[in-house]
Amino acid sequence: MLVAAAVCPCPPLLVPDVAAGAAPELDAARAACTDALGVLAAARPDRLVVVGPADQSGRGPHVEGARGTFHGFGVDLDVRLGRNRAQVSEDLAVGSEPVEGADRPLPPSLAVAAWLLGRTDWSDAPVEGLGVGEPLAAERCIQSGREIATRAERLALLVMGDASACRTLKAPGYLDDRAAGFDAAVAQALGAADVAALQALDAELAYELKASGRAPWQVLAGAGEGAGLAGALLYEDAPYGVGYVVAAWS
């Protein structure tokens, strides 16, 4: 059963090495993500599943110890998905059987999640990842979440994804007058742990607004059915014209 969830944005700019001189602009978002992960740790889960958007190559499951990289963003930085990145790397290299799928690279969203977990020195429960394709139908997302919720007696989710990328003229998707309303509805639903509202998100509109978080949020909505969790909105803003939301459920 789902006992806690954290919702975080997934731009590589969240990693200071990638953001470089612009890093301070997302300090508030990083602090909110740290607080959200603290809620996960306080719930004492048996397992943590990280869910984030992925293209074709990054879809599907990713095991603990899977590697992500920010080389494509001009930064010599690698991360590992798991409780203790250094220990996982050592275990994979020496004294244990190779972990199937550990050499399958993480999509960028899960690489950002791995960086967040490493930054907070996550050690509370085993971790696995799931890359979700943006076009995945709502019904399949919700069903996937229901199935994930059965994997542990005390399950936690770290859900990565951005809201619209159309909030300003300089945004990646240019200005769309529908974006602010869509993002406000998303922030309200995530902040209130409103499972029904998340399940009802318009997938076509989300696609048009380049909201990468739609499918992961609907996986969360499926996992959260019947859990009775309360939500808290920790951060909501649109730097660079992209909607970033941080929320915690417990």
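Now for a quick tour of the structure. (Residues numbered from 1 in each chain as written. Predicted model: local features only at pLDDT ≥ 70, side-chain atom pairs only at ≥ 80, totals over all residues. Heavy atoms only, no water.)

1. Topic: the pairing of strand E8 (residues 231–237)
Rules: DSSP-based pairing: two strands are paired if at least 2 bridges between them are found. A run of H or I in DSSP counts as a helix once it spans at least four residues, and a run of E counts as a strand once it spans at least two, with each numbered from the N terminus.
Here E8 runs beside strand E9 (residues 244–249); their pairing, made up of six bridges, is antiparallel. When the bridges of E9 are listed, Gly231 appears paired with Trp249. Connecting E8 to the antiparallel partner E9 that follows it, the hairpin turn spans six residues, and Tyr240 within it adopts a positive phi of roughly 65°.

2. Digging into the packing of aromatic side chains
Stated formally: Side-chain rings of Phe, Tyr and Trp (the six-membered ring for Trp) are treated as a pair once their centres are within 6.5 Å; stacked means planes under 30 degrees apart, edge-to-face means over 60, and tilted covers the remaining angles. Burial status follows relative accessibility: with a 1.4 Å probe on protein chains alone, a residue under 20% of its type maximum counts as buried, one over 50% as exposed, and anything between as partly exposed.
Scanning the model with the defined rule gives one aromatic pair in all. Consider the rings of Phe70 and Phe73, whose centres lie 6.4 Å apart with planes at 50°: the pair is tilted. Classification of Phe70 as buried rests on a relative accessible area of 0%. Judged by relative accessible area, which is 41%, Phe73 ranks as partly exposed.

3. Some words on the pattern of salt bridges
So the rule is basically this: What counts as a salt bridge is simple: a side-chain nitrogen of Lys or Arg found within 4 Å of a carboxyl oxygen of Asp or Glu.
Evaluated as defined, the whole model comprises eight salt bridges. For Arg30, the salt bridge goes to Asp27, with nearest N and O atoms at 2.8 Å. Here Arg30 pairs with Asp27, and both are found in helix H2 (residues 27–42), just three residues apart, close to one helical turn. Under the relative-accessibility criterion, Asp27 is labelled partly exposed at 43%. Linking Arg47 and Glu128 is a salt bridge whose minimum nitrogen-to-oxygen distance equals 3.0 Å. Of this pair, Arg47 sits in strand E2 (residues 47–54) while Glu128 is found in strand E6 (residues 127–133), placing the two residues 81 residues apart along the sequence. With a relative accessible area of 26%, Arg47 lands in the partly exposed category. Among the residues examined, Glu128 registers a relative accessible area of 18% and is labelled buried.

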